Amino acid sequence: MARLGRLLAAGGLSMALLALALPFLARPALAGEQLFVAIPSGWDEAWRHEDTTQTIVEYLPKGQSVTDWTDMVTVQEFPGIQLDPGHYLDRVVAAFGTGCQATRHEGPRSIGENGYFVALAYVECKGPDPSKAAPGVVLKTVEFLAIKAIQGVKSLHVVQRAWHGDDETQHPLQQANAKDWVAVVRDAELCDLADTARTCRTIGRTGGLE
């Protein structure tokens, strides 16, 4: 993302937020638990970062780049982390709005899905602070983010979709396919293929980190 994504890989914002929650825990060896995200058709993996504390994968439509993009899906996994997804998103929303000329948000809203604790939020930044942009990224005037955090047994999972543009008439919530745009995040789900109490609502979805 323009202002958040590369801070994640640098061990910046998200790891700092996680540090406010609970200490890092050893990664349990539990097979079967898997995150499923319906990456839009025709999109490709554009960037990946993996280390012992996190995996981050960014997906973009063909023709867009990680330095000049309009629509991006980011999937993150933080192994061994255990915390309240709502509290985590509270901190993300606050950090996302830092330096913006105007912000608005909805949520976080906490729910339960497949036996997991889940939170969902929407946040918008207008007039972002250029100093918050990742190096080399073309900064645009509006960024809108849908984000979902799921606390699994093995890891904390975060799925987000961002729109980044200068023309507010192109805002995803003003388009005919607004529900489909949001559904990529809203319908992302964590399942345990070995646990009948935690089976996916939809079989055969695209694995976000596999």
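Just so it is clear, the structure is predicted and the values come from calculations on it, not from any experiment.

What counts, and at which threshold
Residues numbered from 1 in each chain as written. Predicted model: local features only at pLDDT ≥ 70, side-chain atom pairs only at ≥ 80, totals over all residues. Heavy atoms only, no water. Helix = DSSP H or I, 4+ residues; strand = E, 2+ residues; numbered from the N terminus. Buried < 20%, exposed > 50% of the residue type's maximum accessible area, 1.4 Å probe, protein only. Pairing = 2+ DSSP bridges. Axes fitted to C-alpha atoms, helices over the stretch in contact; angles between N-to-C directions. Contact = heavy atoms within 4.5 Å. pLDDT = per-residue confidence, 0-100. Salt bridge = Lys/Arg side-chain N within 4 Å of Asp/Glu carboxyl O. Core = buried A, V, L, I, M, F, W, Y, C linked by side-chain atoms within 4.5 Å.

Enquirer: I'm lost on the environment of Ala197 in this one. Help?
Expert: Relative to the helices and strands, Ala197 is located in the segment after strand S9 (189-192). In this structure Ala197 comes out as exposed when scored by relative accessible area, which is 59%. It is 7.2 Å that separates the C-alpha atoms of Ala197 and Gly115, two residues lying 82 residues apart in sequence.

Enquirer: Help me understand the environment of Ala183 in this model?
Expert: Following the sequence through the fold, Ala183 ends up in helix H4 (residues 178-186). Exposure remark for Ala183: the relative accessible area of 14% places this residue in the buried category. The sequence separation of Ala183 and Ala146 amounts to 37 residues, and the corresponding C-alpha distance is 9.6 Å.

Enquirer: Before we go on, may I ask you to explain the sheet that holds strand S6 (residues 116-126) in this structure?
Expert: The pairing of strands in a sheet happens through backbone hydrogen bonds and is either parallel or antiparallel. Read across the sheet, 7 strands follow the order S2-S3-S4-S8-S7-S6-S5 without closing on themselves; strand pairing throughout is antiparallel. Only two strands of the sheet have a single partner each, and these edge strands are strand S2 (43-50) and strand S5 (102-113). Neighbour-to-neighbour, the strand axes of the sheet open up by a mean angle of 15°, direction not taken into account. Contacts between helix H3 (residues 85-96) and the sheet are confined to strand S4 (71-79), S5, S6, strand S7 (142-151) and strand S8 (155-165), with S6 contributing the most and set at about 10° to the helix. The sheet strands contacting H4 are S4, S5, S6, S7 and S8, and the helix crosses S8 at an angle near 155°.

Enquirer: How should the confidence of the model for the protein be read in this particular structure?
Expert: In low-pLDDT segments, the atomic positions of the prediction should not be examined closely. Within the protein, residue pLDDT values average 83, and 80% of them lie at 70 or more. Every residue in residues 5-30 is under pLDDT 50, and counting partners more than four places away or in other chains gives 51 contacts. Confidence drops under a pLDDT of 50 for residues 203-210, and excluding neighbours within four residues, the segment shows 23 contacts in the predicted structure.

Enquirer: Which parts of the structure should I look at to understand the pattern of salt bridges?
Expert: Close approach of charged atoms allows side chains of opposite charge to pair. In the structure shown here, the tally under the stated rule is 9 salt bridges. Ionic pairing is found between Asp68 and Lys140, a salt bridge with its closest N-O pair at 3.3 Å. Of this pair, Asp68 sits in the loop between strand S3 (55-61) and S4 while Lys140 sits in the loop between S6 and S7, and the two are 72 residues apart along the sequence. For Glu113, the salt bridge is made with Lys148, and the minimal N-O distance between the two is 2.9 Å. Here Glu113, found in strand S5, pairs with Lys148, found in strand S7; they are 35 residues apart in sequence, far enough to count as distant. Given a relative accessible area of 16%, Glu113 falls into the buried group. Lys148 sits in the buried class, given a relative accessible area of 1%. Where salt bridges share partners, they join Glu45, Arg48 and Glu50 into one cluster.

Enquirer: It is not clear to me how the nonpolar core should be interpreted in this structure. Could you clarify?
Expert: One recurring pattern in soluble globular proteins is that nonpolar side chains are buried together. Of all hydrophobic cores here, the largest spans 25 residues; its most connected members are Tyr88, Leu89, Ile147, Leu156 and Val158. For this core, the leading source of residues is H3, giving 5 residues.

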